[in-house]
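Breakdown of the fold
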Amino acid sequence: MNNKKLHVKDNSKSANIITYGKNSNLKPAVFAGEKNIGSGIFNEKLLSLRLNELENVNSQLKILLEERTAKLAEVVATNAKFLSILAHDLRSPFQSIVVALDLIQDSYYDKDEIEIEPYIQMATNSANTTLRLLENLLSWTSLQNTEKNFNPVKVDLYQVILAEIENSNPAATQKLITLNHSVSPGLSVSADLQMVKTIFRNLINNAIKYSFIGGEIIVSASADKKFAQITVQDNGIGISHNAQKELFKKNEVHSTRGTNNENGTGLGLILCNDFVNKHGGKILIESETGKGSKFKFTLPLYIN
């Protein structure tokens, strides 16, 4: 037999073999040129999708930046307005104190005690106004960092109200105003103690400021399943409906002189609103001009 060699051309390098079958690990292949074209189309589509995603992210970041910039501008403008008001209102009572002390000094040897007493009262009122203003300023500063300064604990409303009424008595006595309350002992809320004190101090002082001589202020409280509702009521000059809409707006600080020409900044009510909201409560006002006002706010009950 004549042995001849059979030569078979190996085309494996120029073309991929298509293998079919259940257990095959190979995918249907294409010629090398076709494979490169498909890969290019795939990469182009992937790149296009990626660019679209980046454009969407960029648009969202622009919107977020605009919102943050607007918010920052609002905060800066509000803070600047507060500082301007505070600077003005701090200067006014200090000037009154200086004037009153000068009058007392000049007339000490020339006038009797009855004639000097109004000057002493003027200095006392101005000093109290300045003190309340500084207390509110400190509270407002703490509010800017509530995450560190917010510390809810069990607060006995009865004890807090008694203490704040006692602290407010000197100012009330000057206008012959009676401070009463009808809060039951043992009524407790879950709240930041300093914030609650600030709320009561401002609402009671506000009621004194706008009450007539010989008026009455009543603090009351009731409770439902989740919240305690506290009311500070006076029979003073009241607040118009238009003014009520602006009371708690940070960008519109409103203040009018009291019945005894007392000064104020309007910062106290803004603090009350922010502190109540921080606790998840609400604050509202019921008032008519000439018929007094009721400030009502809620705080979460303390649950054992």
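A brief look at the structure comes next. (Residues numbered from 1 in each chain as written. Predicted model: local features only at pLDDT ≥ 70, side-chain atom pairs only at ≥ 80, totals over all residues. Heavy atoms only, no water.)

**Looking at the packing of helix α4 (residues 157-174) against helix α5 (residues 193-209)**
Following both chains from N to C, one finds α4 and α5 inclined at 40°, their axes separated by 10 Å at the closest point. The pairing of α4 with α5 is recorded here as oblique in orientation. The way α4 lies across α5 gives a crossing that is right-handed. From α4, L157, V160, I161, E164, I165, S168, A171 and A172 reach across to α5, where they touch L193, V196, K197, F200, R201, I204, N205 and I208. (Axes fitted to C-alpha atoms, helices over the stretch in contact; angles between N-to-C directions. Helix = DSSP H or I, 4+ residues; strand = E, 2+ residues; numbered from the N terminus. Parallel < 35°, antiparallel > 145°, perpendicular 65-115°, else oblique. Left-handed = near helix turned anticlockwise from the far one by under 90°. Contact = heavy atoms within 4.5 Å.)

**Concerning the pairing of strand β4 (residues 216-223)**
Two strands pair when backbone bridges link them, and strand β2 (residues 178-181) and β4 are joined in this way by four bridges, in the parallel orientation. Directly across from H181, in β4, lies its bridge partner V219. The pairing of β4 with strand β5 (residues 227-234) spans seven bridges and is classified as antiparallel. When the bridges of β5 are listed, V219 appears paired with V232. Connecting β4 to the next strand, β5, in antiparallel fashion are three residues. (Pairing = 2+ DSSP bridges.)

**Digging into the packing of aromatic side chains**
Per the counting criterion, the structure on display carries one aromatic pair. Aromatic pair F200 and F297: ring centres 5.6 Å apart, planes at 70°, arrangement edge-to-face. Placement of F200 in helix α5 and of F297 in strand β7 (residues 293-300) is noted, with a sequence separation of 97 residues between them. In this structure, F200 and F297 share a single accessibility class: buried. (Phe/Tyr/Trp six-rings, centres within 6.5 Å; stacked < 30°, edge-to-face > 60°. Buried < 20%, exposed > 50% of the residue type's maximum accessible area, 1.4 Å probe, protein only.)

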